[in-house]
Amino acid sequence: MTVRQIAACLEAHGIGDALWEALLLAEHFTGRSRSLWRADMDTDIPVPALGEAVGKRSTRYPLQYLLGAWEFMGLPFVVREGCLIPRPDTEILAEAAIEAANVVLRTKGSVRVLDLCTGSGCILASVLHYCPAAEGVAVDLYPDALAVAEENFTRLGLTNRVTLLQGDVRKDIFPPEEQFDLILSNPPYVTADEMTVLEPELAHEPATALTDGGNGLSLYEAILQNYLSHLTEGGTILFEHGAAQSNAVLKMGKACGLTGKALYDYSGHKRCAVLRRESFSHQTQ
């Protein structure tokens, strides 16, 4: 099977960017660079594992799981079944978190970050990587996801600055004195109705990482209820949410006394809520 044939096969099964994916697969299974394969698209590649991967991808099995890794914020992350695949739109949340962490660092000299529903750990790992003075705690309900997160923190050399905890974010898992400057979360927010019309690849990702089985808002409510007491004065909560959920999430934050603003993704949709607890001195000015 040649790169040209792989691309044609993928395209026939409704996969966009079929040539790019064919080149990625050829590179992964042969160790030869994409640029070389791009110039050599008609040479047969006698690698059985590649043929098997193409067959699996043709069923709309995620490319990222076949490759076993994916880039996020310029960093390589391990991905596999049982863990949500990092997506470009989530970089909006990570970038905002890094900016907020640096503000705290300039004023306090240290920053503690809590990542709820951490999944692969890509958000918190990005913050810790680009903010070397930051420390964090990553929480997820599912052992499979935590295992992937632990591997990613280890590969990026971050284990001495992060603690991983298994826990249900619908409950407060910390003692009252535990405080964080930033609380981050990309929780399951796809609604039950939206789950019925998602692209086929998403059927292979853990449904519990995608949806709460209802209106997609229950985890935001739970996090604000259980973890607001752990947010420092002047601290910030950053949520990723669905494009239609911005007003609801901002309204929740306002009801908790937080000031909020929306951030837009690369498609121009509202994708993140930045909710800030104003400092006492600011409130009284």
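Our structure's up above, just so we're on the same page.
Residues numbered from 1 in each chain as written. Predicted model: local features only at pLDDT ≥ 70, side-chain atom pairs only at ≥ 80, totals over all residues. Heavy atoms only, no water.

### Some words on the sheet that holds strand β8 (residues 259-264)
Taking strand neighbours across the sheet as the criterion, the seven strands line up as β5-β4-β3-β6-β7-β9-β8 in an open arrangement whose pairing is mixed. The strands lining the two open edges of the sheet, one partner per strand, are β5 (162-166) and β8. Shown here is a sheet whose adjacent strand axes are inclined to one another by a mean of 15°, direction ignored. Strand contacts of helix α7 (residues 122-130): β3 (111-116), β4 (134-140), β5 and β6 (180-185), with the helix running at about 175° to β4, the strand carrying the most contacts. (Pairing = 2+ DSSP bridges. Helix = DSSP H or I, 4+ residues; strand = E, 2+ residues; numbered from the N terminus. Axes fitted to C-alpha atoms, helices over the stretch in contact; angles between N-to-C directions. Contact = heavy atoms within 4.5 Å.)

### Concerning the state of the cysteines
Taken as a whole and judged by the stated rule, the model has zero disulfides. Unpaired in this structure, C131 has its nearest cysteine sulfur neighbour in C122, at a distance of 15 Å. (Disulfide = S-S within 2.5 Å.)

### Examining the packing of helix α6 (residues 91-108) against α7
To characterise two packed helices, one gives the angle between the axes of the helices and the distance between these axes. Packing of α6 against α7 leaves a shortest axis separation of 9 Å and a crossing angle of 40°. Relative to α7, the element α6 is oriented oblique. As α6 packs across α7, the resulting crossing turns out to be right-handed. Where α6 approaches α7, its residues L93, A94, A97, I98 and A101 are matched on the opposing element by I123, S126, V127 and Y130. (Parallel < 35°, antiparallel > 145°, perpendicular 65-115°, else oblique. Left-handed = near helix turned anticlockwise from the far one by under 90°.)

### Details of the pattern of salt bridges
Within the structure shown, the criterion is met by 14 salt bridges. Here E27 makes a salt bridge to R34, at a shortest N to O gap of 3.1 Å. On the basis of relative accessibility, which here comes to 35%, the residue R34 falls in the partly exposed class. Two residues, R57 and E201, come together in a salt bridge whose shortest N-O distance is 2.9 Å. Separated by 144 residues along the polypeptide, R57 in helix α4 (residues 48-57) and E201 in the loop between α9 (192-195) and α10 (218-227) bring together distant segments of the chain. Each member of the pair, R57 as well as E201, is classed as buried. Here the salt bridges do not stand alone but share partners, grouping E21, R57, R60 and E201 into one network. (Salt bridge = Lys/Arg side-chain N within 4 Å of Asp/Glu carboxyl O. Buried < 20%, exposed > 50% of the residue type's maximum accessible area, 1.4 Å probe, protein only.)

### Quick look at helix α1 (residues 3-12)
Residues of α1 that are buried include every one of V3, I6, A7 and L10, and no others. Down the axis of α1, the buried set is contained in an arc of 100°. They therefore lie on one face. Structurally, α1 contributes buried residues whose contacts are with α2 (18-30), α3 (34-38) and α4. Immediately downstream of α1, the backbone of G14 shows phi near 80°, a positive value. (Arc of directions from axis to C-beta.)

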